[in-house]
Amino acid sequence: AVVSTQSTGTTRLYFGAMERDGVELRVGDSVALQTSDIDKNPFVGKIIAMWQENLGEMMVTLCWFYRPSDLENIKSPYGSHELYLSKHTDDNSVATIQNKVYVLSFPEYCRFYAHRAQTERDVRRCRVVPNATKWRDQVIPSAAVQCESIYFCRGVYDFRLKRTLKQQLYYTKYL
């Protein structure tokens, strides 16, 4: 844990990881957050900081992902689990976190589902699907993770300019 005093005079105690409802969350993980409307899809964000307020409440700073349906100027068809990374950040209470999710690059997402289908059908190793150990092991979900918790990102959304950037290869390291 690291202690930092803010310009407002408040002190924050920063953490690299925490456990919530039996699930370990780390800085760099992606999470789904509750919305006020139960019929709406949850918000998705990437944890960039975890800290405790003076009053003891655990907080996270999140870098937001946007859904194509929430954006203007998206004309091309998109997947139901597609997201766009942004530089938009906010502080939120840990209590609003629903669950941990996985945001993969589009090639990783395709490989993951190809590997899952191969495993479910008990197909012998195929050269089309690379060995899973070569993926980003700390980010790729296990086969036990539900499909609803797996998303892909192949673009960046500039929320100030209100436009998307399709430079995914450059931004993959930020997922």
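Above this text is the structure in question.
Below is a short write-up of the structure.

Conventions adopted
- Residues numbered from 1 in each chain as written.
- Predicted model: local features only at pLDDT ≥ 70, side-chain atom pairs only at ≥ 80, totals over all residues.
- Heavy atoms only, no water.
- Helix = DSSP H or I, 4+ residues; strand = E, 2+ residues; numbered from the N terminus.
- Buried < 20%, exposed > 50% of the residue type's maximum accessible area, 1.4 Å probe, protein only.
- Core = buried A, V, L, I, M, F, W, Y, C linked by side-chain atoms within 4.5 Å.
- Contact = heavy atoms within 4.5 Å.
- Expected span 1.5 Å × (residues − 1).
- Pairing = 2+ DSSP bridges.
- Salt bridge = Lys/Arg side-chain N within 4 Å of Asp/Glu carboxyl O.

A few points about unusual backbone geometry
Even without being a glycine, aspartate 21 presents a positive backbone phi close to 55°. Looking at the element boundaries, aspartate 21 is found in the loop between β3 (17–20) and β4 (23–26). Classification of aspartate 21 as exposed rests on a relative accessible area of 67%.

A few points about the nonpolar core
In this structure, Met18, Leu25, Val31, Leu33, Ile47, Met50, Val60, Leu62, Trp64, Val94 and Ile97 together form the largest nonpolar core, which totals 11 residues. At the level of secondary structure, the elements contributing two or more residues to this core comprise β5 (30–33), β6 (43–52) and β7 (58–66). With three residues, the top contributor of residues to this core is β7. For isoleucine 97, the residues in contact, after removing those within four places along its chain, are Arg20, Leu25, Val31, Ala32, Leu33 and Val60. In this structure, Val44, Leu83, Val101 and Val103 belong to the second largest nonpolar core, which totals 10 residues.

A closer look at helix α1 (residues 106–120)
Here α1 spans 21 Å end to end across 15 residues, near enough to the 21 Å set by a 1.5 Å rise per residue. Three or more residues of α1 are buried, namely Glu108, Tyr109, Phe112, Arg116, Ala117 and Gln118.

Some details on the pairing of β3
A regular strand places its side chains on the two faces of the sheet in alternate fashion. Along β3, the buried face is formed by Met18 and Arg20; none of Ala17 and Glu19, which line the opposite face, is buried. With four bridges joining them, β3 and β4 adopt antiparallel strand pairing. Across the sheet, the residue bridging to methionine 18 is leucine 25, located in β4. As consecutive antiparallel partners, β3 and β4 are separated by two residues, and within that stretch aspartate 21 has a phi angle of approximately 55°, a positive value.

Describing the pattern of salt bridges
With the rule as written, the count across this model stands at four salt bridges. Here arginine 26 and glutamate 24 are joined by a salt bridge, their closest N and O atoms 3.3 Å apart. Classification of arginine 26 by relative accessible area gives partly exposed; the value is 42%. What makes glutamate 24 partly exposed here is its relative accessible area of 41%. One salt bridge in this structure joins aspartate 29 and lysine 100, with 3.4 Å as the shortest N-O distance. Here lysine 100 lies in strand β9 (residues 97–105) and aspartate 29 lies in the loop between β4 and β5, a separation of 71 residues in the sequence. Under the relative-accessibility criterion, aspartate 29 is labelled buried at 12%.

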